[in-house]
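# Coordinate inspection notes
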Amino acid sequence: MTNVYDFLKMKRETYKQFACKDLLITLYDCPQSRQREEVFTQHSYLTFGVSGKKWIHREGQTLLFSEGSLSFIRKGGFVQELFIGEGFKSLTFYISDAYLKQLLQDFRHFYWGSAITRQAKGTILTLAVNEITKNFLLTILNLFEKEISPSENLLEERFREFFFALVINPENQGFVKYLNSLAELPMTSLYEVMEANYMYNLSLKEYANIANRSLATFKREFRKVFDTTPTHWLMQKRLVYASTLLNTTDKSIADVLMESGFENGSHFGRVFKAKFGISPLHYRKQYSVKSLQTI
């Protein structure tokens, strides 16, 4: 899977961007050539639609990103689907968990939100835009257009004003709930990272990056949390997820295996049969027969 954050950092000459501390701001003209693509990022991000539109599919959520929309997407994997021939351009702010926590600590005693340990549901949050936030976004777009590079201090100062305007807006309660829960946790929850991303074909190193851990620490803590190895746990979760898709959708076997995190059809068929005793196709047929018998 493509790490969008690393891809953009390597393409500084192609995609306009500003950077300060743990914040990367980029004018992102999506280069995707296929209609659907699985991607991921180890940093959460704010994204503002400049032109065009695209779908984002993630963990049971589907959201249309379009011109003028502002959204917060938590770090991890997702499927983005383009409207072929239309394209999509966005102004995107990639923010590390450490920087988000710092911002919360600085602003927490100013805004109306109280400490909430339960995270907001959903990994994609639509945010309200007011005059303050809109003016900041237009200012950044204007800087990119005129190829003006602001100082890091000025950029951070303006971004902090933008961020503060977002968190004090009563319409952004879901965003504030997530930020509060993040501030309460000493480290990223390994359980939540895995539950939200097991269906994506990420390497263990990539899962560790999303969880803000070294690979060795990730493996060690994973054993403590799940009482098994990451490889075994991922296999079982993906197989169960695949069986659910076979039972509840009419998606092709090829689509099911891809959406469950498998790459190879023969490997998928072999491990599926080892767990359920029959092939994916026969499993679907068997379930269909049982469903008809209950009618």
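Below you will find a few notes about this structure. Position numbers for residues count from 1 along each chain, tracking the sequence in the order it is written. With pLDDT at 70 or above as the cut-off, local features in this predicted model cover only qualifying residues; side-chain atom pairs require 80 or more to be listed or tallied, and sums for whole chains, interfaces and linings still use all residues. Excluding hydrogens and water, the side-chain values take into account all heavy atoms of the structure.

## A short note on the overall build of the protein chain
Strands are runs of DSSP state E lasting at least two residues, helices are runs of H or I lasting at least four, and both sets are numbered from the N terminus onward. Looking only at helices and strands, one finds 12 helices and 10 strands in the protein chain. Here the protein chain has a C-alpha radius of gyration of 21 Å; the compact-globule value for 295 residues is 19 Å, and the two agree. Along the longest, intermediate and shortest principal axes, the C-alpha atoms of the protein chain span 65 × 45 × 40 Å. Between buried and exposed lies partly exposed: a residue is buried under 20% and exposed over 50% of the maximum accessible area for its type, with that area taken using a 1.4 Å probe on protein chains only. The proportion of buried residues among the 295 residues of the protein chain is 47%. Contacts are residue-level and defined by heavy atoms, with any inter-residue pair within 4.5 Å sufficient. Of the contacts formed within the protein chain by residues at least 6 apart in sequence, a portion of 74% connects residues at least 24 apart. Carbon and sulfur atoms make up 52% of the accessible area of the protein chain, which totals about 15000 Å². Only four residue types enter the charge count, namely Lys and Arg as positive and Asp and Glu as negative; His and the chain termini do not. Note that the charge is assigned to NZ on lysines, CZ on arginines, CG on aspartates and CD on glutamates. Positive and negative side-chain charges of the protein chain, numbering 37 and 30 respectively, have mean locations separated by a distance of 8 Å. As a reference, a globule follows 2.2 Å times the number of residues to the power 0.38, and the radius of gyration itself is taken over C-alpha atoms. To measure how exposed things are, a 1.4 Å probe is used in the Shrake-Rupley method; for residues, cover is taken only from the protein chains shown.

## A word on the nonpolar core
General note: in soluble globular proteins, nonpolar side chains tend to be found buried as a group. Counting 36 residues, the largest nonpolar core has Leu46, Phe159, Phe163 and Phe175 as the members making the most contacts within it. Not counting the four nearest positions on each side in its chain, Phe175 is found in contact with Leu46, Phe72, Leu125, Leu127, Phe163, Leu166 and Val167. Throughout this description, the term nonpolar core refers to a set of buried Ala, Val, Leu, Ile, Met, Phe, Trp, Tyr and Cys residues connected via side-chain atoms within 4.5 Å. Residues Ile56, Phe78, Val79 and Met199 belong to the second largest nonpolar core, which totals 35 residues.

## Structural notes on the side chain of Ser71
With respect to the helices and strands, Ser71 occurs in strand β7 (residues 70-73). Residue Ser71 is classed as buried on the basis of its relative accessible area of 2%. The residues contacting Ser71, other than those within four sequence positions of it, are Tyr45, Leu46, Thr47, Leu63, Phe65, Leu125, Thr126 and Leu127.

## Here we look at the pattern of salt bridges
The term salt bridge refers to a side-chain nitrogen of Lys or Arg lying within 4 Å of a carboxyl oxygen of Asp or Glu. One pass over the full model with this rule turns up 10 salt bridges. Linking Asp106 and Arg160 is a salt bridge whose minimum nitrogen-to-oxygen distance equals 3.0 Å. Residue Asp106 is located in helix α2 (residues 97-107), and its partner Arg160 is located in helix α4 (residues 152-167); the two are separated by 54 residues in the primary sequence. By relative accessible area, which is 28% here, Asp106 ends up partly exposed.

## What to know about the environment of Ile84
Here Ile84 lies in the loop between β8 (76-82) and β9 (88-95). Each C-alpha atom of the pair Ile84 and Glu263 lies 24 Å from the other, and the pair is 179 residues apart in sequence.

## Topic: the pairing of β9
Where burial is concerned, most of β9 is hidden: 7 out of the 8 residues are buried. For two strands to be treated as a pair, DSSP must find no fewer than two bridges joining them. Judged from the 7 bridges that link them, strand β3 (residues 23-29) and β9 form a sheet pairing that is antiparallel. Along β9, the bridge assignment pairs Leu24 with Tyr94. Examined bridge by bridge, strand β5 (residues 44-58) and β9 share 8 bridges and lie antiparallel to one another. In the sheet register, Tyr45 faces β9, and the bridge partner there is Tyr94.

## Considerations on helix α9 (residues 230-248)
For a helix, the expected span equals 1.5 Å multiplied by the residue count minus one. Under the 1.5 Å per step criterion, the end-to-end length of α9 is 27 Å for 19 residues, consistent within 8% with the ideal 27 Å. Listed in full, the buried residues belonging to α9 are Pro230, Trp233, Leu234, Arg238, Leu239, Ala242, Ser243, Leu245 and Leu246.

## So, the pairing of β3
Across the 7 residues that make up β3, a large majority, 6, are buried. Examined bridge by bridge, strand β2 (residues 17-20) and β3 share 4 bridges and lie antiparallel to one another. Considered in β3, the bridge of Phe18 is made with Ile25.

## Here we look at the packing of α2 against α4
Orientation is described by lines fitted to C-alpha atoms, with helices fitted over the stretch in contact, and by angles between N-to-C directions that extend from 0 to 180 degrees. Two numbers describe how α2 lies on α4: the axes approach to 11 Å, and their chain directions differ by 70 degrees. The angle between α2 and α4 falls in the class roughly perpendicular. Considering the relative orientation of α2 and α4, their crossing is right-handed. Contacts between α2 and α4 involve Tyr99, Leu100, Gln102, Leu103, Leu104, Asp106 and Phe107 from the former and Glu156, Phe159, Arg160, Phe163 and Phe164 from the latter. In this scheme, roughly parallel covers angles under 35 degrees and roughly antiparallel covers those over 145, while 65 to 115 is roughly perpendicular and the rest are oblique. Less than a right angle of anticlockwise turn of the near helix away from the far helix marks a crossing as left-handed, whereas a clockwise turn marks it as right-handed.

## Focus: the packing of aromatic side chains
Pairing of aromatic side chains here covers Phe, Tyr and the six-membered ring of Trp, requires ring centres within 6.5 Å, and sorts the geometry by plane angle: under 30 degrees stacked, over 60 edge-to-face, intermediate tilted. Summed over all chains, the structure comprises 30 aromatic pairs. Judged by centre distance (5.2 Å) and plane angle (55 degrees), the rings of Phe276 and Tyr283 are tilted. For Phe276, a relative accessible area of 28% puts it in the partly exposed group. Here, over-ring charges are defined by two tests on the NZ atom of lysine or the CZ atom of arginine: distance to the ring centre within 6 Å, and angle to the ring normal within 35 degrees. In this structure, Lys275 is placed above the aromatic ring of Phe276, and the distance from its NZ or CZ to the ring centre is 5.7 Å.

## Focus: the environment of Leu185
With respect to the secondary-structure elements, Leu185 resides in the loop between α5 (173-184) and α6 (190-197). Judged by its relative accessible area of 32%, Leu185 falls in the partly exposed class. Taking C-alpha positions, Leu185 is 9.7 Å from Lys101, a pair spaced 84 residues apart along the chain.

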